[in-house]
Amino acid sequence: MHPLADLRGISCFENLEDRELEYLASFSTKRKFKKGEILFYEKDKPKHLTLLTEGILKVYKTDVKNNEIVLHRFVPTSLIAEVAVFEGMNYPASAAFESDGAVIEIDFNKFKSGFLTNADVAFNFFRSLSKKIKYLEDVISLNIVLDSTSRTAKYICENKT
């Protein structure tokens, strides 16, 4: 599937010219997934920069008792595991679709040389990383710093109807 139409609608690429989008599409592939399908497993080596364009994707770890611990749920449009790709490390967790969905896989080496020199694209890439850092800070704060009473109060305040 050719991802050009999908790339046009993604905010991270909104400032690219048509020829740049066409070049990006030339080394990108759109893949569709069914609910329950695995995008990647923990310890797999990333091969692409992955952009979630449809569906809900959960990133999770499995403990020694085979219990699934959901670390995060992603909705479109989100970069997935870009730190692992950027750092050249293995995936730190697994990812599976909770609904039918789709991703665009972008050859990272070509993306890095052709687009991370573009200030708008680089800014959006790093903004995605900073959102994930903020999310992790919130998880740490919620689970380590706050006691159970404080966590309950925080949940009630954040989920008022």
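Residues numbered from 1 in each chain as written. Predicted model: local features only at pLDDT ≥ 70, side-chain atom pairs only at ≥ 80, totals over all residues. Heavy atoms only, no water.

**Some details on the sheet that holds strand β6 (residues 78-80)**
So, step 1. Sheet architecture is open: four strands sit in the order β1-β8-β3-β6, paired in antiparallel fashion. The open sheet terminates on both sides in strands that have one partner only, identified here as β1 (28-33) and β6. For this sheet, the mean angle separating the axes of adjacent strands, direction not counted, is 30°.
So, step 2. Alignment of strand β3 (residues 48-54) against strand β8 (residues 101-107), held across six bridges, turns out to be antiparallel. Residue pairing for β8: E54 is matched across the bridge by A102.
So, step 3. Of the strands in this sheet, β3 and β8 touch helix α4 (residues 108-115), which is tilted by about 65° from β8. (Pairing = 2+ DSSP bridges. Helix = DSSP H or I, 4+ residues; strand = E, 2+ residues; numbered from the N terminus. Axes fitted to C-alpha atoms, helices over the stretch in contact; angles between N-to-C directions. Contact = heavy atoms within 4.5 Å.)

**Section: the sheet that holds strand β2 (residues 38-40)**
So, step 1. Across the sheet, four strands lie side by side as β2-β7-β4-β5; this open sheet has antiparallel pairing. The open sheet has two edge strands with one neighbour each: β2 and β5 (68-74). The sheet shows a mean angle of 30° between the axes of neighbouring strands, taken without regard to direction.
So, step 2. Here four bridges tie strand β4 (residues 57-62) to strand β7 (residues 94-97), and the two strands are oriented antiparallel to one another. Looking across to β7, one finds that V59 is bridged to A95.

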